[in-house]
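Each chain, written out:
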Amino acid sequence: MRALLSAVLLAALAAPGTAAQDTTAVRFGRLIDGRGGVVQDAVVVVHGERIDHVGSGDKAVPAGAKLIDLRPLTAIPGLVDVHTHMTFYWDRSPGTRPWAQLGTLGAAVTVFLAQENARKTLEAGVTTVRDLGSWEYTDIAMRDLIHRGAMIGPRMFVAGYGLHISNAPPRAGAAPEPGQCDGVAEVQRVARQQLGAGADWIKMYGSTGSDQDVTGFQTFSFEEMKAAVDVAHRAGKRISIHSYGPDGARDAVRAGADSVEHATDMDDETLAEMARRGTVYVPTVEHNRYYIAHREEFGYDDQVVQRLEAYVQRNLATVRRALRAKVKIAMGSDAVFTGFGENARELERLVEAGMTPAQALASATTTGAALLNQGDSLGALAPGYYADLVAVDGDPLADVQAVTRRVVWVMKGGAVVVDHSAARPARPAAPSP
Ligand SMILES: [Zn+2]
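Residues numbered from 1 in each chain as written. Predicted model: local features only at pLDDT ≥ 70, side-chain atom pairs only at ≥ 80, totals over all residues.

Q: Is there a simple way to think about the pairing of strand 11 (residues 259–262) in this case?
A: Look at any regular strand and the pattern is simple: side chains alternate between the two faces of the sheet. Bridge analysis of strand 10 (residues 238–243) against strand 11 gives four bridges, and the strand direction is parallel. For Ser243, the partnering residue across the bridge sits in strand 11 and is His262. For the segment spanning strand 10, helix 8 (residues 246–255) and strand 11, crossover handedness is right-handed. Both strand 11 and strand 12 (residues 280–282) contribute to a ladder of three bridges, which runs parallel. Counterpart to Val260 in the pairing with strand 12 is Tyr281. The parallel pair strand 11 and strand 12 is bridged by helix 9 (residues 268–277), and the resulting crossover is right-handed. (Pairing = 2+ DSSP bridges. Helix = DSSP H or I, 4+ residues; strand = E, 2+ residues; numbered from the N terminus. Right-handed = clockwise from strand over helix to strand, strands pointing away.)

Q: What am I meant to see in helix 6 (residues 184–197) here?
A: Side chains that are three or four residues apart share a direction in an α-helix, a result of its 3.6 residues per turn. An ideal rise of 1.5 Å per residue puts 20 Å on 14 residues; helix 6 measures up with 20 Å between its terminal C-alpha atoms. Within helix 6, burial applies to Val187, Val190, Ala191 and Gln194. Considered in projection along helix 6, the buried side chains sweep an arc of 100 degrees and stay on one side of the axis. Across from the buried face of helix 6, at angles greater than 90 degrees, the exposed residues are Ala185 and Gly196. (Expected span 1.5 Å × (residues − 1). Buried ≥ 20, exposed ≤ 12 C-beta atoms within 10 Å, placed from the backbone. Arc of directions from axis to C-beta.)

Q: Before we go on, may I ask you to explain the domain arrangement of the protein chain in this structure?
A: In many reports, interface size means the accessible area that the parts give up when they come together. Segmentation of the protein chain into domains returns domain 1 (4–77 + 379–419) and domain 2 (79–371). Just the C-alpha atoms count here: the centres of domain 1 and domain 2 sit 31 Å apart. On the domain 2 side, the residues contacting the 19 residues of domain 1 number 22 residues. Among the elements that take part in the side of domain 1 that touches domain 2, strand 14 (residues 407–412) stands out by supplying three residues, more than any other. A per-class count over the side of domain 1 that touches domain 2 returns 13 nonpolar, three polar and three charged. (Domains from an automatic or database assignment. Contact = placed C-beta atoms within 7 Å. Nonpolar A, V, L, I, M, F, W, Y, C, P; charged D, E, K, R; others polar.)

Q: Sorry, what's going on with the confidence of the model for the protein chain here?
A: A low pLDDT score tells you not to read the predicted coordinates there in detail. Across the protein chain, pLDDT averages 93, with 93% of residues at or above 70. Note on residues 1–18: pLDDT under 50 across the span, and 31 contacts to partners over four residues away in sequence or across chains. Within the model, the stretch residues 428–433 combines pLDDT values under 50 with one contact to residues more than four positions away or in other chains. (pLDDT = per-residue confidence, 0-100.)

Q: Help me understand the sheet that holds strand 8 (residues 155–158), please; the structure alone is not making it clear to me.
A: Across a sheet, paired strands are connected by hydrogen bonds in the backbone, their directions being either parallel or antiparallel. What the three strands build is an open sheet, ordered 6-7-8; its pairing is parallel. Two strands close off the open sheet at either side, each with one partner strand: strand 6 (79–84) and strand 8. Within this sheet the neighbouring strands show an average axis-to-axis angle of 20 degrees, counted without direction. Pairing of strand 6 with strand 7 (residues 126–131), which is carried by four bridges, proceeds in the parallel orientation. Looking across to strand 7, one finds that Thr84 is bridged to Asp131. Of the strands in this sheet, strand 7 and strand 8 touch helix 5 (residues 138–147), which is tilted by about 150 degrees from strand 8. (Axes fitted to C-alpha atoms, helices over the stretch in contact; angles between N-to-C directions.)

Q: Looking at this structure, I do not really get helix 4 (residues 115–123). What am I missing?
A: Of the positions making up helix 4, those classed as buried are Asn117, Ala118, Thr121 and Leu122. Relative to the axis of helix 4, the buried residues are bounded by an arc of 140 degrees and lie together on one face. Against the buried residues of helix 4 lie strand 6, strand 7, helix 5, strand 14 and strand 15 (415–419).

Q: Explanation requested: the packing of helix 7 (residues 222–234) against helix 8 in the structure shown.
A: Between two packed helices, what matters for the description is the angle formed by their axes and the separation of those axes. Running from amino to carboxyl end, helix 7 crosses helix 8 at an angle of 45 degrees, the nearest separation of the two axes being 9 Å. By the angle between their axes, helix 7 is oblique relative to helix 8. In the packing of helix 7 onto helix 8, the handedness of the crossing is right-handed. On the side of helix 7, the interface is formed by Phe222, Met225, Lys226 and Val229, while helix 8 contributes Asp251, Ala252, Arg254 and Ala255. Of the residues that constitute the contact of helix 7 with helix 8, the class distribution is five nonpolar, no polar and three charged. (Parallel < 35°, antiparallel > 145°, perpendicular 65-115°, else oblique. Left-handed = near helix turned anticlockwise from the far one by under 90°.)

Q: Would you explain unusual backbone geometry in this entry?
A: Glycine aside, the phi torsion of most residues is negative, and most peptide linkages are trans. With omega at 10 degrees, the peptide bond leading from Arg71 into Pro72 counts as cis. Inspection of the secondary structure puts Pro72 in the loop between strand 4 (66–69) and strand 5 (74–77). Its identity is not glycine, yet Asp41 carries a phi of approximately 45 degrees, on the positive side. With respect to the helices and strands, Asp41 occurs in strand 2 (residues 38–47). Taking the C-beta count within 10 Å as the criterion, Asp41 has 18 such neighbours and is therefore assigned partly exposed. In this structure, Arg92 takes a positive phi of about 65 degrees despite not being glycine. Inspection of the secondary structure assignment puts Arg92 in the loop between strand 6 and helix 2 (98–101). Accessibility expressed as a C-beta count within 10 Å gives 11 for Arg92, which makes it exposed.

Q: How do you make sense of the packing of helix 10 (residues 285–293) against helix 12 (residues 302–324) when you look at a structure like this?
A: Interaxial distance between helix 10 and helix 12 falls to 9 Å at its minimum, and their mutual angle equals 160 degrees. Comparing the axis directions of helix 10 and helix 12 gives the class roughly antiparallel. Regarding helix 10 and helix 12, the two cross each other, and that crossing is left-handed. On helix 12, the residues touching Val285, Asn288, Arg289, Tyr291 and Ile292 of helix 10 are Val305, Leu308, Glu309, Tyr311, Val312, Asn315, Leu316 and Val319.

Q: Is there a simple way to explain the environment of Gln303 in this structure?
A: Among the structural elements, Gln303 can be located in helix 12. For Gln303, a count of 9 C-beta atoms within 10 Å puts it in the exposed group. Separated by 91 residues in the primary sequence, Gln303 and Gln212 have C-alpha atoms spaced 9.9 Å apart.

Q: So what exactly am I meant to see when it comes to the sheet that holds strand 12 here?
A: Taken together, the four strands give an open sheet; going across it, the order is 9-10-11-12, and neighbouring strands pair in parallel fashion. At either margin of the open sheet sits one strand with a lone partner, and together these are strand 9 (201–205) and strand 12. Neighbouring strand axes in the sheet, compared pairwise and without regard to direction, differ in orientation by 20 degrees on average. Here strand 9 runs beside strand 10; their pairing, made up of five bridges, is parallel. In the sheet register, Ile202 faces strand 10, and the bridge partner there is Ile239.

The following block contains the structure:
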């Protein structure tokens, strides 16, 4: 804590600039800048969609600037959730189940209805997502609509169709699913097609495991993974490989994946290799805990819940080992259906696995931003960064639930997108439990 305070003086030296009409000053009781600095009585001066500078006290408020006073709340950088499925929408119609309804509503209707997922994601303090798998490019549509200001939501980095192996019986005359590919040549073609469609990332399903299935049998071979990695990297893009089990994860890491999703039971050599290469681990522990908590919606019986629970424990154990091996870990919710709005709950699982609240916050800010190759514009509160600010009630460095449960106000790119500051109950004298 004491080391963190050293940045206060530097930040306070920043002189207030002359206020233009689109300058806003936002005041907080305290600010955590995402780069190790804490500023008391903080003022964030926002010019357009970017942060101009961070200062402290009355003198830091530029004359003529629009003022938003959120004291005594604490500011943190807008969170980055590096694993969502924004277009997995369920309308909760009686007699329907989320997975069974998926894909039946039509692409345009889905994009429209999935705005609810996008808004709930902002409510969780998440202003940027990496969306890992969709269909009919509904993810690209959402990304572009949000980018042009026609839809309210987090900025999205998307993958189009996730690459997967043949997993269905042949049907005469039917074209293969657009994400399906077997063998190096088909992997190259389908990966290139996603980039051609405008995907920011390649997503590859390197093992079985999804929904109530927590098996982790490797699907693509090392050579196929390497082919997808090469297509992505030659185009200046990055690739995420899904693996529920250790075998697919080992080959994904050796093949050069930028991140590995979910994986449990990774061996020590794989963890050491990830630390050496800087491969990011996105454990998504909360994803399977979410299924357990929402078992009625999904229709999961006791047997399914027991399997999910066992997987959650193995997943947590793997996070603990990855932490000891100094593997980079990023927050990914794997949010689907009714999980939006709870995106940041993964941070509670990361703390449960041994992270400090500060480390957990870094996994959802600087580490996520770096994975997206956006480390110089997202994940921190500093001059030139996007004005993605989240106000929380409580101390995020002492209690991670301040981040996961008590988001009060959110600004994304200089625009206020969530505001419960008026409805906030009177602050108790002592910190709430
Ligand atoms: Zn996923």
